[in-house]
Amino acid sequence: IPYLSKEESIQLIRDAASVLADGGLLYLSTMEADYTTSGYQTSSYGDTVYVYYHEEGYLTKALHENGYSILHLSRNTYQLGSDTITDLLIVARK
């Protein structure tokens, strides 16, 4: 969800809850960092895109508020040049 804002991500969680059958799964993957550090980045291909960073706290809160239980939450951290990147992966069941 790195191309969705905080508000759009929370809305995605709400919308998925309204269409998923009971027991349905929702998989979220994003880069984790302080949301306020979101901004334009240039890809290795030279494209400029706006990348939103997300925080576990408001994502898991939105999941719980919309009737999900979290089955899996993990982080993968790696180096990209001089930057440390953390990928946040969440699997939740409705």
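Right above here is the structure, for reference.
Predicted model, so just to flag it, every value in this text is computed and none were measured. (Residues numbered from 1 in each chain as written. Predicted model: local features only at pLDDT ≥ 70, side-chain atom pairs only at ≥ 80, totals over all residues. Heavy atoms only, no water.)

Chemist: What is the right way to read the environment of Ser 44 from this model?
Modeler: By the secondary structure assignment, Ser 44 is in the loop between strand S2 (39-42) and strand S3 (48-51). The spatial distance from the C-alpha of Ser 44 to the C-alpha of Glu 8 is 26 Å, given a sequence separation of 36 residues. (Helix = DSSP H or I, 4+ residues; strand = E, 2+ residues; numbered from the N terminus.)

Chemist: Please clarify how the sheet that holds strand S4 (residues 69-80) should be interpreted in this entry.
Modeler: Two orientations exist for strands paired in a sheet by backbone hydrogen bonds: parallel and antiparallel. An order of S1-S5-S4 is seen for the 3 strands of this open sheet, with the pairing classed as antiparallel. Each edge of the sheet is formed by a strand with only one pairing partner; in this case those strands are strand S1 (25-31) and S4. The mean inter-strand angle of the sheet, taken between neighbouring strand axes irrespective of direction, is 15°. (Pairing = 2+ DSSP bridges. Axes fitted to C-alpha atoms, helices over the stretch in contact; angles between N-to-C directions.)

Chemist: Would you explain the pattern of salt bridges in this entry?
Modeler: A pair can form between side chains of opposite charge whenever their charged atoms are brought close. Tallying each qualifying case throughout the model produces 4 salt bridges. Between Arg 75 and Glu 32 there is a salt bridge, and its shortest N-O distance comes to 2.5 Å. You can see Arg 75 sitting in strand S4 and its partner Glu 32 sitting in the loop between S1 and S2, a full 43 residues away along the chain. A residue is classified by how much of its surface remains accessible, and Arg 75, at 39% relative accessible area, is partly exposed. Residue class for Glu 32 comes out buried when judged on its relative accessible area of 18%. Salt-bridge contacts for Glu 65 lead to Lys 61; the nearest nitrogen and oxygen are separated by 3.4 Å. Separated by 4 residues within a single helix, Glu 65 and Lys 61 lie in helix H2 (residues 56-65), roughly one turn from each other. Residue Glu 65 is classed as exposed on the basis of its relative accessible area of 56%. Through salt bridges with shared partners, a single ionic network connects Glu 32, Glu 56 and Arg 75. (Salt bridge = Lys/Arg side-chain N within 4 Å of Asp/Glu carboxyl O. Buried < 20%, exposed > 50% of the residue type's maximum accessible area, 1.4 Å probe, protein only.)

Chemist: Honestly, the packing of aromatic side chains in this entry has me stumped. Any pointers?
Modeler: Remark: the centre distance and the inter-plane angle together describe each pair of aromatic rings, the angle taken between the planes. As enumerated under the stated definition, the model contains 4 aromatic pairs in all. Considering the side-chain rings of Tyr 50 and Tyr 52, the 4.8 Å spacing of their centres and the 55° angle between planes classify their relative orientation as tilted. A relative accessible area of 32% places Tyr 50 in the partly exposed class. According to the relative accessible area criterion, Tyr 52 is buried, its value standing at 19%. (Phe/Tyr/Trp six-rings, centres within 6.5 Å; stacked < 30°, edge-to-face > 60°.)

Chemist: Looking at this model, I keep getting lost on the nonpolar core. Mind explaining?
Modeler: When a protein is soluble and globular, its nonpolar side chains tend to lie buried together. Formed by 17 residues in total, the largest nonpolar core has its most connected members in Ile 13, Leu 26, Leu 28, Leu 59, Leu 63, Tyr 68 and Ile 90. For this core, the secondary-structure elements that each account for two or more residues are helix H1 (6-19), S1, H2 and strand S5 (83-93). Not counting chain neighbours up to four residues away, the residues in contact with Ile 90 comprise Leu 26, Tyr 27, Leu 28, Leu 59, Thr 60, Leu 63, Ile 70, His 72 and Leu 73. (Core = buried A, V, L, I, M, F, W, Y, C linked by side-chain atoms within 4.5 Å. Contact = heavy atoms within 4.5 Å.)

Chemist: Would you explain the pairing of S2 in this entry?
Modeler: If a strand is regular, its side chains alternate between the two faces of the sheet. The sheet contact formed by S2 and S3 spans 4 bridges and is antiparallel. In the sheet register, Tyr 40 faces S3, and the bridge partner there is Tyr 50. Here S2 hands over to S3 after 5 residues, with Gly 46 in that stretch at a positive phi of 95°.

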